[in-house]
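Read off the chains here:
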Amino acid sequence: MTPGSSRETGTSARLDKTFSQADFDAFARLSGDDNPIHCDPGFAATTRFERTVAHGALLCAVLRRLVEEVYPGARQLSQDSQYPAPSPVNEALRFEVETVGTPDPENARRVTLALRVTRLCDGVVTCTGATEIEI
């Protein structure tokens, strides 16, 4: 990871993580989202994904952790996320956040960060987006 405390473009953090079925199940219990695509390997095997896949909110929680490493104590104002591909169980993922600018020159306390999750096995981006924070 490369955490920093500056608002400069390019300030970033990165984390590689692999989720198990037990992780998906624990998140389902905490969130109440027990959709079978996340929690039922038998069901998931019959879908185009062939395996259970991560909850989008789980991916965003890890990304939020990285934002906190770069900007400790920052308040999240907004987030926009898309999920162009699945993040399957037992698949190594790379989580990345990077400062891309200050959206309002009048308020330098607001910072925008790009968000990205990539499957390491094939380089496919599974989550992309941006978050605006106040530091």
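In this numbering scheme, every chain counts its residues from 1 along its sequence in written order. In keeping with the model being predicted, local features are shown solely for residues with a pLDDT of at least 70 and side-chain atom pairs are shown and tallied solely at 80 or more, while totals for entire chains, interfaces and linings include all residues. With hydrogens and water excluded, all non-hydrogen atoms of the structure serve as input to the side-chain values.

Asker: Would you take a moment to explain the state of the cysteines for this structure?
Answerer: Note: disulfide means a covalent bond formed between the sulfur atoms of two cysteine side chains. We call a pair of cysteine sulfur atoms a disulfide whenever their separation is within 2.5 Å. Applying the stated criterion across every chain yields a total of 0 disulfides. You can see C121 has no disulfide; the closest cysteine sulfur is in C127, sitting 16 Å from it. Only protein chains enter the accessibility calculation, which uses a 1.4 Å probe; a residue is then buried when its area is under 20% of its type maximum, exposed when over 50%, and partly exposed in between. Residue C121 is classed as exposed on the basis of its relative accessible area, which comes to 53%.

Asker: Explain the packing of aromatic side chains to me, please; I cannot follow it from the model alone.
Answerer: Aromatic rings considered in pairs are described by the distance between their centres and by the relative angle of their planes. Only centres within 6.5 Å qualify two rings of Phe, Tyr or Trp (six-membered ring in Trp) as a pair; their planes then separate them into stacked at under 30 degrees, edge-to-face at over 60, and tilted for everything else. Enumeration over the complete set of coordinates arrives at 2 aromatic pairs. Where F19 meets F24, the ring centres are 6.2 Å apart and the plane angle is 40°; that geometry is what we call tilted. For F19, a relative accessible area of 4% translates into the label buried. For F24, a relative accessible area of 0% gives the class buried. Geometrically, the ring pair formed by F19 and F95 is edge-to-face, given 6.2 Å between the ring centres and 90° between the ring planes. Linking F19 in the loop between β1 (12–18) and α1 (21–31) with F95 in strand β3 (residues 92–101), this pair joins segments that are 76 residues apart in sequence. F95 shares its class with F19; the two are buried. Taken together, F19, F24 and F95 form an aromatic cluster joined through their ring pairs. Under the DSSP-based scheme used, a helix requires at least four consecutive residues in state H or I and a strand at least two consecutive residues in state E, with every element numbered from the N terminus.

Asker: What am I meant to see in the side chain of E134 here?
Answerer: Mapped onto the elements of the fold, E134 is located in strand β5 (residues 125–134). E134 has contacts with A74, R75, L77, N107, R109 and R110, leaving out every residue within four places of it along the chain. Any two residues whose heavy atoms approach within 4.5 Å are treated as being in contact.

Asker: Would you mind going over α1 with me for this structure?
Answerer: An α-helical turn contains 3.6 residues, so any two residues separated by three or four positions project in the same direction. Along α1, the positions that sit buried rather than exposed are Q21, F24, F27 and A28. Around the axis of α1, the buried residues are gathered within 125° of arc, so they sit on the same side. Residues of α1 that are exposed and angled more than 90 degrees away from the buried face: A22, R29 and L30. Its buried side turned inward, α1 meets α2 (36–39), α3 (41–44) and α4 (56–70). Whenever a nitrogen or oxygen atom comes within 3.5 Å of another N or O atom, the pair is scored as a polar contact, on the condition that within protein one atom can donate a hydrogen and the other can accept it, and that pairs from neighbouring residues in sequence are kept only if both atoms are in side chains. In this structure S20 caps α1, since a side-chain oxygen of it lies 3.3 Å from the backbone nitrogen of A22. Looking one or two residues beyond α1, the residue adopting positive phi is G32, at roughly 85°. In this context, the arc is that of the directions from the helix axis out to the C-beta atoms.

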